[in-house]
Protein chains: 2
Amino acid sequence: MSPEGLLPKGSKFTSITGDGMKIGVIGTGIVGRSHAAKLALLGHEVVMGTRNVETTLGVHERDMMGNPPLKEWLQGHPMVKLESFHEAALHGELIINATRGEHTLEALRNSGERNLEGKVIIDISNPLDFSEGALPSLLVANTDSLGEEIQRAFPNAKVVKTLNTINARLQVDPDALMSGDHDVFLSGNDAGAKQRVTEILRSYGWKNVVDLGDISTARGAEMMLPMWVRLMGVLQTPLFNFKIVR
Amino acid sequence: MSPEGLLPKGSKFTSITGDGMKIGVIGTGIVGRSHAAKLALLGHEVVMGTRNVETTLGVHERDMMGNPPLKEWLQGHPMVKLESFHEAALHGELIINATRGEHTLEALRNSGERNLEGKVIIDISNPLDFSEGALPSLLVANTDSLGEEIQRAFPNAKVVKTLNTINARLQVDPDALMSGDHDVFLSGNDAGAKQRVTEILRSYGWKNVVDLGDISTARGAEMMLPMWVRLMGVLQTPLFNFKIVR
């Protein structure tokens, strides 16, 4: 797909030289890369954060999912910079947590509590536990959630849980499926933060943004994952999503 | 709605004098009543089971949800009989578990293990825990499910988890929403049992029946409930469902 093809019609950010935001993306996996590429294309200044820049750039093999090493990916996305967690969080007016759930709290601590203070954190992570067999269970569920854990750990940040029920490619390109006629959920305590995140989601092409309520509603969104992984097995593709029919 | 309005087009069971099955419905709440009424209309011989027939018939007030007392309901549904759990299970070639999750295992034990042996149990229950605040959590989740607990407790029964992600009215009348263009999930270890349950679902009008796999996949279906209860709050109606878009 051409970069232009990634831009939804009516996008708020249509120029790569437009007045974008400074965004720090914590995590360099497929989720972090998808958002970094999309946000740079939409005109934002994106810095991706990793635990150790040298180590990350020293990887020369594709990962288990077949994704190219980050060094190669960065060559194809020259507008995205790679820095430490700390530098990426310092850079961002808005932070995206795209780490694996098991590493999230540590990665955000390494980003520096001061660098997160007062900022919106878009939390896309899922607390998946792969330690027991083929299908993951959740590390935290039912009476708590990773979204709530992050909010408790960083009380001065504004955590908005979203997009965790959706494949990385579809997260940033909802139109690729049924012209975007499917739903994304939103949980968070701060109305203004949810409004800003909704604007970013709309710039990605999302039409149906369902505000579930405060951050405790992240329990509902995270507990969709056991269904999601089973559906991926049944459908033999990760390119699906839930639509609320009413 | 007229009783005729409940019959989907092309239903396999269109005559109330047709060659239906003997079905035992365990539980007399709105879920049990919805299925008992629909199944009787479809030509099946339905016996509803309750813990204590006299006590149940002695109730003269509407319940918390505004449903009429069972005695009144039975007068409007003369083809449905009320018996003990034991008699209802003995009667049924096929059993429907329509009890509240917290009471399910006890109700099925009271139904008599021998009366369940070799039979298909359609399990619609959800292990909701209302003890902590307004929104329920789950009594069992993540690494186990109520569907699995039932299957372990009655290893000679064939448990099929289904319909638990859907409001009682829509369970038996999917066409009431978007001409039935939304999904119902199915979990169970026995392929033949799932086939029989699929036929019943189709006789209700269900078009999209998604077989998730063995009974452990009930974890996925039951863990949808935290999202379901929050969506009901957001949408201000229980008349919605999930559709998988791909």
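Residues numbered from 1 in each chain as written. Chains lettered and ligands numbered in written order. Predicted model: local features only at pLDDT ≥ 70, side-chain atom pairs only at ≥ 80, totals over all residues. Heavy atoms only, no water.

1. Looking at the sheet that holds strand β10 (residues 208-213) of chain A
All names here are of chain A. The following threshold applies: Here a strand pair is declared whenever DSSP counts at least two bridges between the two strands. The helix and strand labels rest on DSSP assignments: H or I over at least four residues marks a helix, E over at least two residues marks a strand, and numbering proceeds from the N terminus. The axes used here are C-alpha line fits, helices contributing only the stretch in contact, and every angle between their N-to-C directions lies in the interval 0 to 180 degrees. For this analysis, residues touch if any pair of their heavy atoms sits within 4.5 Å.
Strand order in this open sheet of 8 strands is β3-β2-β1-β4-β5-β8-β9-β10, and the pairing throughout is mixed. The open sheet has two free edges, formed respectively by β3 (81-84) and β10, since each of these has just one partner strand. Here the average twist between neighbouring strands, direction ignored, is 25°. Note: strand β8 (residues 158-162) against strand β9 (residues 183-188), 3 bridges, orientation antiparallel. Bridge pairing links K161 to S187 in β9. Here helix α9 (residues 191-204) sits on the sheet and contacts β4 (94-97), β5 (120-123), β8, β9 and β10; the angle it forms with β9, its principal contact strand, is near 160°.

2. So, the sheet that holds strand β5 (residues 120-123) of chain B
All names here are of chain B. Spatial strand order, β3-β2-β1-β4-β5-β8-β9-β10: 8 strands in an open sheet with mixed pairing. The open sheet has two edge strands, β3 (81-84) and β10 (208-213), and neither has a second partner. With strand direction ignored, the average angle separating the axes of adjacent strands in the sheet is 25°. Sheet contacts for helix α1 (residues 30-41): β1 (22-26), β2 (45-50) and β4 (94-97); angle to β2, the most-contacted strand, approximately 165°. Along the sheet face, helix α7 (residues 146-153) touches β4, β5 and β8 (158-162) and points at about 170° away from the line of β8.

3. Examining the pattern of salt bridges
Here is the rule we go by: Counted as salt bridges are all cases of a side-chain nitrogen of Lys or Arg within 4 Å of a carboxyl oxygen of Asp or Glu. Residue burial is assigned from relative accessible area. The probe radius is 1.4 Å, only protein chains are included, and a residue is buried under 20% of its type maximum, exposed over 50%, and partly exposed in between.
Counted by the stated rule, this structure contains 18 salt bridges over all chains. When the shortest N-O distance is used, the salt bridge between K161 of chain A and E222 of chain A registers 2.7 Å. One end of the pair, K161 of chain A, is in strand β8; the other, E222 of chain A, is in helix α10 (residues 218-222), with 61 residues separating them in the sequence. A salt bridge links D181 of chain B to K243 of chain B; the nearest nitrogen and oxygen atoms lie 3.1 Å apart. Separated by 62 residues along the polypeptide, D181 of chain B in the loop between α8 (168-171) and β9 (183-188) and K243 of chain B in strand β11 (residues 241-245) bring together distant segments of the chain. Residue classification places D181 of chain B among the partly exposed residues on the basis of a relative accessible area of 34%. Put simply, D123, K161 and E222 of chain A are held in one network by salt bridges that share partners.

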